[in-house]
Amino acid sequence: MGYDRIYFLKKAFALWPGVVRPVSGGFLAAHYAYRGAARGPARAALDAVVGLAFLAWIPWRARDVARRFGLQADWRRRAIDIARARFADPQDLALFGVETAEAMDSYIRRFEDAGLNRILNPLGWSGACALADKVVFAARCENAALPQPETVALAGGGRINVLSDPAGRELVAKPVDGEGGDGVQRLGAFGDAADLIARAPSALARGAGMHLIQPWLAPHPGLVDLALDALPTIRIVTILDETGKPETVSATFRCASRRGVVGDNMKAGGLIAPVELTSGRLGEAWKGYGGDPCVRHPATGAEIAGRALPDWPAAMARAERAHALAFTDYALVGWDIGLTTD
């Protein structure tokens, strides 16, 4: 089964956060009142069975998370108590540094995301989602003349199809339907198309999925001390307002926390910091899975908290313009904007 089918299947069933009554943030009370009223007896019974299984799964999950991320036994015991009290995944507690049950009341649990977004953004949960396929997404951007990394080649199905001259350029490969930075590879530089075909990792062509091969983008000079070996990005979320005009509602800055990784994603150990929308200044950064807040970068000592992002107004305007020009069929879009040399 392809990754894209698994991606959508695992989000097709929105968990009920509890056994009988919903255990969630108070700000979602109306949502669960609506869902609860729409449930029939069979779905309520199924939700109760799944809820009991979820509670039974929590200790195993907490042990697994603690083992994978080097967390101590006291964290595991505390995570089990919080996860049972608030019907939460222990991995979310580690990822976001949640230390008390009350703190969880201000979060949307990741398994709640599908149920909410299928109402807000139904196209985002369909098999034809342009946001989940990098080739389709790139085509929309190109048609709207939006700036994006050039597609140098497509790899898969037993071949590498070179679309533009790779000569002298550092290249990177990304799974077409990947998420979270999984499967991204830095390929290096090649002399020409024949050299790329001959020397690219053979698994790119042989693999079941398709890969985009694009130029490796250099970070803005003002971010080199935070970039390490990965391009820092800003996740800018835009939503259509009541008139259909996109507006920015949140932004977070992401960068690698150590050398040797090619992505800035939190799942890969990256740092994440809130961006103040009016000024573009960063707050404290956090590293997931048991990390502490960082005022300065742990590897370089560079300032993070209070730092103003370069080109911030242009980055925010670019996300809103992209939404308006090419993606108004989506109510909500999260953009990864790279601040580069140009």
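Attention now moves to the packing of aromatic side chains. Inspection of the entire model under this criterion finds 9 aromatic pairs. Measuring from centroid to centroid gives 5.4 Å for Phe-327 and Trp-335, while their planes differ by 75 degrees, and the two rings are edge-to-face. Trp-335 matches Phe-327 in its accessibility class, with the two residues each being buried. Here the aromatic cluster, defined as three or more aromatic residues joined through ring pairs, consists of Phe-54, Trp-57, Phe-87 and Phe-111.

All right, on to the pairing of strand 5 (residues 211–215) then. Judged by how many residues are buried, strand 5 sits mostly within the fold: 5 of 5 residues are covered. Of the pairings in the sheet, the one linking strand 1 (residues 153–156) to strand 5 comprises 3 bridges and is antiparallel in character. Following the sheet pairing, Ala-153 is matched in strand 5 by Ile-213.

Another aspect to go through is the state of the cysteines. Applying the stated criterion across every chain yields a total of 0 disulfides. Left unpaired, Cys-129 is separated from the closest cysteine sulfur, that of Cys-141, by 13 Å.

Glancing now at the environment of Pro-293. Relative to the elements of secondary structure, Pro-293 occurs in strand 10 (residues 293–294). If we ignore the near neighbours within four places in the chain, the residues touching Pro-293 are Glu-284, Ala-285 and Trp-286.

Approximately 260 Å³ is the volume found for the second largest pocket. Lining the second largest pocket are 14 residues, and of these Ala-14, Arg-35, Arg-43, Gly-115 and Arg-118 sit closest to its centre. The set of elements that each furnish at least two residues to the lining of the second largest pocket consists of helix 2 (29–38), helix 3 (41–69) and helix 6 (113–120). Ranked by residues supplied to the lining of the second largest pocket, first place goes to helix 2 with 4 residues. Taken together, the residues that form the lining of the second largest pocket break down as 7 nonpolar, 2 polar and 5 charged.

Further remarks concern the side chain of Asp-92. Within the element layout of this structure, Asp-92 appears in helix 5 (residues 90–96). Residue Asp-92 is classed as buried on the basis of its relative accessible area, which comes to 3%.

This part is about unusual backbone geometry. The residue Phe-87 is not glycine, and still its phi comes out positive at about 50 degrees. Here Phe-87 is to be found in the loop between helix 4 (73–86) and helix 5.

This part takes up the sheet that holds strand 8 (residues 271–274). Spatial strand order, 10-9-8-7-6-11: 6 strands in an open sheet with antiparallel pairing. Because the sheet does not close on itself, it has two edges, and the strands there are strand 10 and strand 11 (332–338). Pairing geometry for strand 8 and strand 9 (residues 285–287), over 2 bridges, is antiparallel. When the sheet's bridge partners are listed, Leu-271 is paired in strand 9 with Lys-287.

What follows deals with the nonpolar core. If you look at the biggest cluster of nonpolar residues, it comprises 33 residues, and the most contacted ones within it are Ile-234, Ile-236, Phe-253, Val-275, Leu-309 and Trp-312. For this core, the leading source of residues is helix 11 (residues 312–326), giving 6 residues. Leaving out residues up to four positions away in the same chain, Trp-312 has contacts with Ile-234, Ile-236, Ala-251, Val-275, Glu-276, Leu-277, Ser-279 and Gly-280. Within the second largest apolar cluster, 20 residues are counted, among which are Ala-66, Phe-87, Ala-88 and Ala-94.

Ordered by their spatial adjacency, 5 strands build an open sheet running 2-1-5-3-4, and the pairing between neighbours is antiparallel. The outermost strands of the open sheet, each flanked by one partner alone, are strand 2 (159–162) and strand 4 (185–189). Averaged over neighbouring strand pairs, the angle between their axes works out to 25 degrees when direction is ignored.

Turning our eyes to something else, we now look at the packing of helix 3 against helix 4. Their axes nearest at 9 Å, the elements helix 3 and helix 4 cross at an angle of 150 degrees. In terms of their interaxial angle, helix 3 and helix 4 are classed as roughly antiparallel. Crossing hand, helix 3 versus helix 4: right-handed. Across the interface between the two elements, Leu-55, Ile-58, Pro-59, Ala-62, Arg-63, Val-65 and Ala-66 of helix 3 pack against Trp-75, Arg-76, Ile-80, Ala-83 and Arg-84 of helix 4. Tallied by class, the residues present in the contact of helix 3 with helix 4 amount to 9 nonpolar, no polar and 3 charged.

Cut-offs used in this document
What you see as residue numbers is a count from 1 along each chain, following the sequence as written. Per-residue local features are limited, in this predicted model, to residues with pLDDT of at least 70; the limit for side-chain atom pairs, both in listing and counting, is 80 or more; totals at the level of whole chains, interfaces and linings are taken over all residues. Only hydrogens and water are set aside when side-chain values are computed; all heavy atoms of the structure are taken into account. Put simply, two rings from Phe, Tyr or Trp (the six-membered ring, in Trp's case) pair if the centres are within 6.5 Å, and we call them stacked under 30 degrees between planes, edge-to-face over 60, tilted for the rest. In this scheme, a residue with accessible area under 20% of its type's maximum is buried, one over 50% is exposed, and one in between is partly exposed, where area comes from a 1.4 Å probe on protein chains only. A helix here means a DSSP run of H or I that spans at least four residues, while a strand means a run of E at least two residues long, and both kinds are numbered starting from the N terminus. For two strands to be treated as a pair, DSSP must find no fewer than two bridges joining them. Here, the term disulfide refers to a pair of cysteine sulfur atoms separated by no more than 2.5 Å. When checking whether two residues touch, look at their non-hydrogen atoms; a contact exists if any pair is within 4.5 Å. Whether a set of points on the 1 Å grid over the protein atoms alone is a cavity depends on a 1.4 Å probe fitting there but being unable to get out, while an open set qualifies as a pocket with protein on both sides within 12 Å along at least five of seven lines; lining residues are those with an atom within 4 Å of a point. Grid points are joined across faces, edges and corners, and a volume is the space filled by probe spheres set on the points. Residues are grouped as follows: Ala, Val, Leu, Ile, Met, Phe, Trp, Tyr, Cys and Pro are nonpolar; Asp, Glu, Lys and Arg are charged; all remaining types, including Gly, are polar. In this description, a nonpolar core means a group of buried Ala, Val, Leu, Ile, Met, Phe, Trp, Tyr and Cys residues linked to one another through side-chain atoms lying within 4.5 Å. The angle between two axes is taken between their N-to-C directions and runs from 0 to 180 degrees, where each axis is a line fitted to C-alpha atoms and a helix contributes only its stretch in contact. Each angle is binned into one of four classes, with values under 35 degrees roughly parallel, values over 145 roughly antiparallel, values of 65 to 115 roughly perpendicular, and all other values oblique. The crossing is said to be left-handed when, going from far helix to near helix, the turn is anticlockwise and less than a right angle, and right-handed when the turn is clockwise.

The quantities given are spatial measurements derived from coordinates; they are silent on function.
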